[in-house]
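Listed below, chain by chain, are the residues.
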Amino acid sequence: KIAPDNIGVIAQRIVDTKVTSSEELESVIGLIMKKALTEPHYCETYADLVFKLKSEMPEFPSESGGKPVTFKSTLLNVTQNEFEQLSKDSLDFTEEEKEGKDKEELDFLRKKKKERCLANMKFIGHL
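Residue numbers run consecutively from 1 along every chain, following the written order of its sequence. The predicted origin of the model limits local features to residues at a pLDDT of at least 70 and limits the giving and counting of side-chain atom pairs to 80 or more, whereas totals for whole chains, interfaces and linings rest on all residues. To get the side-chain values, take all heavy atoms of the structure and skip hydrogens and water.

A. Spatial organisation of a negative patch on the surface. Patch members must show over 30% relative accessible area and no salt bridge, and they are joined within 9 Å when carrying like charges or within 5 Å when they are nonpolar side chains of Val, Leu, Ile, Met, Phe, Trp or Tyr. The Shrake-Rupley method, run with a 1.4 Å probe, gives the accessible areas here. Residue values count only the displayed protein chains as cover. Within this document, salt bridges are pairs made up of a side-chain nitrogen of Lys or Arg and a carboxyl oxygen of Asp or Glu, the two lying within 4 Å of each other. Two residue types count as positive, namely Lys and Arg, and two as negative, namely Asp and Glu; His and chain ends fall outside the count. Working definition for charges: the position is that of NZ of Lys, CZ of Arg, CG of Asp or CD of Glu. The grouping of Glu23, Glu24, Glu26 and Glu63 at the surface amounts to a negative patch. A run of H or I in DSSP counts as a helix once it spans at least four residues, and a run of E counts as a strand once it spans at least two, with each numbered from the N terminus. You can see Glu24 is positioned in helix α2 (residues 22–38).

B. Representation of the environment of Ser22. Position of Ser22 relative to the elements: it lies in helix α2. Taking the C-alpha atoms as reference points, Ser22 and Ala47, separated by 25 residues in sequence, lie 20 Å from one another.

C. The arrangement of helix α1 (residues 7–16) in detail. Buried residues of α1: Ile7, Ala11, Ile14 and Val15, and no others. In a view along the axis of α1, the buried residues occupy a sector of 100 degrees, so they form one face of it. The contact criterion used is simple: two residues touch if any of their non-hydrogen atoms lie within 4.5 Å. In this structure, the buried residues of α1 make contact with α2 and α3 (43–54). Only protein chains enter the accessibility calculation, which uses a 1.4 Å probe; a residue whose area is less than 20% of its type maximum is buried, one above 50% is exposed, and one in between is partly exposed. The arc under discussion is defined with respect to the helix axis, by the directions toward the C-beta atoms.

D. Unusual backbone geometry, seen in detail. Although it is not a glycine, Lys18 adopts a positive phi angle of roughly 55 degrees. Within the secondary structure layout, Lys18 lies in the loop between α1 and α2.

E. Structural view of a nonpolar patch on the surface. A cluster of nonpolar side chains, contributed by Phe83, Leu118, Met121, Ile124 and Leu127, occupies part of the molecular surface with about 450 Å² of accessible area. Sorting elements by how many residues they give to the nonpolar patch places helix α6 (residues 103–126) first, with three residues. Relative to the helices and strands, Met121 is located in helix α6.

F. Quick peek at the side chain of Ser21. Looking at the secondary structure, you find Ser21 in the loop between α1 and α2. Taking the relative accessible area as the measure of exposure, Ser21 reaches 19% and is therefore buried. Side-chain atoms alone can form a polar contact between residues adjacent in sequence; in general such a contact is a pair of N or O atoms within 3.5 Å, and within protein one must be able to donate a hydrogen while the other accepts it. From its side chain, Ser21 meets the backbone nitrogen of Glu24 in a polar contact 3.2 Å long.

Right under this line is the structure:
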């Protein structure tokens, strides 16, 4: 479990897994992002983890032959994709999404979407 006092240990364990491809790097960053969004009270701690990993993670050659794929560029892509996905998912529901759900369920789902959106902004702000 992540906490501000064990970031170093967790970062070292992630580094010790030896990420060997840009796909694995994207997976690692995606998992950190997912955890940060599901645990918004630890967003700052996950941002600190990202900061520690930034200098430790390897670079990979780009498939297109351009700039190498770095931790920073992959982090930017993952956060941008998440942000764009959130902007597509408005707090309103389509008729299909509303079908078979009562008001309480819709309110709960709306609240979860809003919390995820706020957690995303909080995480990006701490980066």
